[in-house]
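Next come the chains, spelled out residue by residue.
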Amino acid sequence: MILKRGWIFPAIIMGLRSVCLWRCVFLCAVYAAAVHGYDYRIEYFEQNVDHFSYENQDTFQMRYVISDEYWNSTGGPVFFYCGNEMDIISFVENTGFMWENAPEFGAMVIFAEHRYYGESLPYADESFTDPSHYGYLTVEQALADFAVFLRYMRDTTEGMEDSPVIAFGGSYGGMLAAYIRMKYPNIVAGALASSAPILGFEDLTPCESYYAKVTSDYYEANSSCPALIKESWTTIDEMAETESGREELTEIFHLCDTIEDSAGLKSWLSEVYFYMAMLDYPYPTTFVTPLPGWPVNVACGYLSDPDLAGTDLLDGVYHAVSVYENYTGSSTCFDITDDGFSVNDDAAWLVQCCNELVMPMCDNGIDDMFELEVWDLAEYIEECEMDVHTTPRPDWIVTEFGGDDIGAASNIIFSNGNLDPWSAGGVRTNISDTLIAILIEESAHHLDIRSSDPADPVSVTDARIMEKAIIWQWIREFHEDLENHE
């Protein structure tokens, strides 16, 4: 069983790594920086650790990034990014849609860091010691952080009382953007939820859908590629049966340490295949790791000969995964236990997977290029209880936010790329006139909210034009409502 991580990224975590009244406010500017030519400040806001009881009075500093360079203080909007499961600066540097459109909209830009990620650690080095410390890491508490912060900014920033807040987010951040509009429509006027798998809970989405989508991406790149990857699992297992075979596998894949069995190697390979499908952008990127444009196509170029077999096949697999793991050629060996994320961010995501974010995933081994892996909720719960000391609530997110029954909400764009594995759990058809789905051809994980690039497919450019038009409509409606209430 596997707990998938990030954007949502699938870091395969071994062990459970193998199983997801206003207080006095302290604001302090630390330093200024710039991204893609835009100036911003990094500041901190004092948050309650617990927004929903009156027992714990602890507070912590939530980090956020703010730029008012282009803000029209007489009604210009606030573009607010709902930070997700990484250091907030990563999203600042990779959400160009907000930055590029701030001048046209006269928008203030804010990126708020999610509690327990980056520097926003409620209990510093003790944040992940036990449930009494990390029990406050929930979707609800994070949304309350954002809502409390936005109310404070509105009440203390001259002109912001007339500024509509438009929430943005990608993947888990996209889920948060949708959820904050649902839960706090008095604070957020609309939300662009990019690559947000809000239907990935309970049985709303077949658990095999994600890996079937990965397989489809590789098949479109080269029809021989998925079949060869599927064949490689058996070859790896056969070689791993002997000590000499394990040593040869270690050498073929340039691993830093000799493997003891095939399980860890195959999990690592599966992770890489998922990542590349998710990050299959049309131009070179460094978002998670340096990658060429269309990395799935490049990888499948090494797996295009249907006659590959044995060690020749595994050599092709090695070169394919090196597109993700070592595109720059700087690595001398691969550490298959290192997912590339910080220890704290990994710990935080594991906590969330073991409380609310229970997203069933599996492989049927028939319609995909992976081996059979069943979804076993009982085993999942047992491992969470043993390793994280929490009991997951697999039905809570649907109870809290509605699952596929969200017709009472409004002003949310759900955008999904057809190359993105997580689109399987996304909203792909319109729910109402104000809950709008945009399905983008030739688009991977939240490509639409990245910076524009000459290599962007026309479909992505068209999607952004549509998103901008809808956001302008929300802003007009906000100001019309203000006028009607004066």
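The rules behind each value
- The numbering scheme is per chain: residues are counted from 1 as the chain's sequence reads.
- Where totals are concerned, whole chains, interfaces and linings use all residues; where local detail is concerned, this predicted model gives features only for residues with pLDDT of at least 70, and gives and counts side-chain atom pairs only at 80 or more.
- With hydrogens and water stripped out, all remaining heavy atoms of the structure feed into the side-chain values.
- Each axis is a line fitted through C-alpha atoms, taken for helices only over the stretch in contact, and angles between the N-to-C directions span 0 to 180 degrees.
- Helix and strand definitions here come from DSSP, where helices need a minimum of 4 consecutive H or I residues and strands a minimum of 2 consecutive E residues; each element is numbered from the N-terminal end.
- Geometric relationships in this document are graded by angle, where less than 35 degrees denotes roughly parallel, more than 145 denotes roughly antiparallel, 65 to 115 denotes roughly perpendicular, and other angles denote oblique.
- Throughout, a contact is declared for two residues whenever any of their heavy atoms are within 4.5 Å.
- Three classes are used: nonpolar for Ala, Val, Leu, Ile, Met, Phe, Trp, Tyr, Cys and Pro, charged for Asp, Glu, Lys and Arg, and polar for all others, with Gly counted as polar.
- Here a Phe, Tyr or Trp ring, Trp counted by its six-membered ring, pairs with any other such ring whose centre lies within 6.5 Å, and the pair is stacked when the planes are under 30 degrees apart, edge-to-face when over 60, and tilted otherwise.
- Throughout, exposure labels follow a simple rule: accessible area from a 1.4 Å probe, protein chains only, divided by the maximum for the residue type, with under 20% read as buried, over 50% as exposed, and the rest as partly exposed.
- In this scheme, Lys NZ or Arg CZ marks a charge over a ring once it lies within 6 Å of the ring centre and within 35 degrees of the ring normal.
- Orient the strands so they point away from the viewer, and a crossover whose first-strand-to-second-strand path over the helix runs clockwise is right-handed.
- The criterion for strand pairing is that DSSP finds at least two bridges linking the strands in question.

Draft legend 1. A look at the packing of helix H8 (residues 243–252) against helix H11 (residues 310–325). Where H8 meets H11, the axes come as close as 10 Å, and the angle between the chain directions of the two elements is 40 degrees. Put simply, H8 runs oblique to H11. Facing Glu248, Leu249 and Ile252 of H8, the residues of H11 in contact are Thr311, Leu314, Asp315 and Tyr318. Among the residues forming the contact of H8 with H11, the class breakdown is 4 nonpolar, 1 polar and 2 charged.

Draft legend 2. Looking closely at the packing of aromatic side chains. A complete count under the given rule lists 29 aromatic pairs for this structure. Ring geometry for tryptophan 268 and phenylalanine 334: centres 5.5 Å apart, planes at 45 degrees, overall tilted. With tryptophan 268 in helix H9 (residues 263–278) and phenylalanine 334 in the loop between H11 and helix H12 (343–353), the pair connects residues that are 66 residues apart, well separated along the chain. Neither tryptophan 268 nor phenylalanine 334 differs from the other in exposure class; each is buried. On the numbers, 6.0 Å between centres and 35 degrees between planes, the contact of tyrosine 318 with phenylalanine 334 is tilted. Of this pair, tyrosine 318 sits in helix H11 while phenylalanine 334 sits in the loop between H11 and H12, and the two are 16 residues apart along the sequence. On the basis of relative accessibility, which here comes to 5%, the residue phenylalanine 334 falls in the buried class. Among the aromatic residues, those joined into a cluster by ring pairs are Tyr210, Tyr211, Tyr218, Trp233, Tyr273, Phe274, Phe370 and Trp422. When the ring centre of tyrosine 281 is taken as origin, the NZ or CZ atom of arginine 450, which lies over that ring, is 4.7 Å away.

Draft legend 3. Spatial organisation of the pairing of strand S7 (residues 190–194). Along S7, 5 of the 5 residues are buried, which leaves the element largely enclosed by surrounding structure. Every second residue of S7 is oriented toward a common face, with Gly190, Leu192 and Ser194 on one face and Ala191 and Ala193 on the other, all of them buried. For the crossover from strand S6 (residues 165–170) across helix H5 (residues 172–183) to S7, the handedness is right-handed. Where S7 meets strand S8 (residues 412–417), 4 bridges bridge the pair, whose relative direction is parallel. Residue pairing in the sheet places alanine 193 in a bridge with phenylalanine 414 of S8.

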